[in-house]
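# Overview (structure and organization)
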Amino acid sequence: MKLLSFVVPCYNSQEYMRHCIDTLLAGGEKVEILIVNDGSSDHTADIANEYEKKYPSICRAIHQENKGHGGAVNTGIANASGIYLKVVDSDDWVNRAAYDKIMETLSDFYDKGTVLDMLLANYVYEKQGAKHKTVIHYRHAIPKEKIFRWSDVKRFPIGQYILMHSVIYRTALLRECGLKLPEHTFYVDNIYVFKPLPYVKTMYYLDVNFYRYFIGRDDQSVNEANMIKRIDQQFYVTKVMIDYLAGFQLDSKPLARYMRHYLSIIMCISSIIALKSGKKEHLKMKKELWRYLYDQDKQLYRKIRHSIVGFAVNLPGYGGRKTTIGIYKADRKFIGFN
């Protein structure tokens, strides 16, 4: 049994996947690297096979017909043998010093028989061409280097939430919660983080800059033009999250507060994409999305709609839309996201 399984979804990743995998190999025999070739048409499959042949006790090449990012993650979870699981996109990488600290921490918990459901660490925006690298940390909202529960979680700042880049889940928990991501759909990483949260009881935060999140390529799903092009998929993921939270009875108030916070940000992102597009059909989709939230759970709607985020993306008229977009542009420049 491995301590940590890495799932690396790869689709036509020949140009950058080696760098990603090479940084993960530093974990040695305590890790497994599941390289999921998702129906690539370039040399991704050959590279995956090469790593499996060279590191047979660490790397495993899994080949499947194209199912999208979600389908590749599903395959990784189904094949993982590690106690913990981390998804690393093939154009991203990890920092060695932080990696060593994480492995040491997970090993210590395992040796002591401590059940840890989720480990969190920082991630860094590695934006192409940018001199300033923004670090996303959580030290203001959660305790550092101690086991904590939802009752210990404070309010997260507006606009900040836990991304797939920052989370390591206990593998069995992902299976226990019945996580299965939609196939052939972008932006499902939000579902990956969101759905297991009610099952998480014990957490630990390492204030180290582990995950390096590369952004800046024109073909990336988070590129603004691509998000507008795939707005239907962003809205679909948002509705999946609405349905899930609206149907879940949460006993923990801090957990409920955080999940509302998370959903409000995804509602915000969906709304801004529609506003940035400016097309009538997209503005109509935005209106219908907020109506969908109202119809599914009126109380949830009121809490999100009357929050600062809900107010900001629903300013009336053309002037209101321009103001919202202006705020978004300022945040994008300051934080450094795509």
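It should be emphasised that the depicted structure is a prediction, and the values quoted were computed from it without experimental measurement.

Conventions adopted
- Residues numbered from 1 in each chain as written.
- Predicted model: local features only at pLDDT ≥ 70, side-chain atom pairs only at ≥ 80, totals over all residues.
- Heavy atoms only, no water.
- 1 Å grid on protein atoms, 1.4 Å probe; cavity = no way out; pocket = protein on both sides within 12 Å on 5 of 7 lines; lining within 4 Å.
- Points joined across faces, edges and corners; volume = space filled by probe spheres on them.
- Helix = DSSP H or I, 4+ residues; strand = E, 2+ residues; numbered from the N terminus.
- Nonpolar A, V, L, I, M, F, W, Y, C, P; charged D, E, K, R; others polar.
- Phe/Tyr/Trp six-rings, centres within 6.5 Å; stacked < 30°, edge-to-face > 60°.
- Buried < 20%, exposed > 50% of the residue type's maximum accessible area, 1.4 Å probe, protein only.
- Lys NZ or Arg CZ within 6 Å of the ring centre and 35° of its normal.

### Some details on the layout of surface pockets
By volume, the second largest pocket is sized at about 360 Å³. Along the walls of the second largest pocket sit 17 residues, with Arg-155, Arg-257, His-261, Ser-264 and Ser-307 positioned nearest its centre. Residue assignment for the lining of the second largest pocket shows that the elements contributing at least two residues are α9 (253-277), α11 (298-305) and α12 (308-312). The biggest single contributor to the lining of the second largest pocket is α9, with 7 residues. Split by residue class, the lining of the second largest pocket holds 9 nonpolar, 3 polar and 5 charged.

### A closer look at the packing of aromatic side chains
Applying the stated criterion across every chain, the model contains 21 aromatic pairs. Centre to centre, the rings of Phe-109 and Tyr-204 are 5.0 Å apart; their planes meet at 80 degrees, and the pair counts as edge-to-face. Taken together, the residues Phe-109 in helix α4 (residues 96-112) and Tyr-204 in strand β9 (residues 203-215) connect sequence positions 95 residues apart. A relative accessible area of 8% places Phe-109 in the buried class. Looking at Tyr-204, the relative accessible area reads 10%, which means it is buried. Judged by centre distance (5.9 Å) and plane angle (55 degrees), the ring pair of Tyr-138 and Phe-156 falls under tilted. One end of the pair, Tyr-138, is in the loop between β7 (135-136) and β8 (167-170); the other, Phe-156, is in the loop between β7 and β8, and 18 residues separate them in sequence. Neither Tyr-138 nor Phe-156 differs from the other in exposure class; each is buried. An aromatic cluster of at least three residues, connected via ring pairs, comprises Tyr-138, Trp-150, Phe-156, Tyr-161, Phe-194, Tyr-199, Tyr-205, Tyr-244, Phe-248, Tyr-258 and Tyr-262. For Arg-230, the ring lying beneath its charged end belongs to Phe-186, and the centroid distance is 3.8 Å.

Don't take any of this as a statement about function, it's just geometry.
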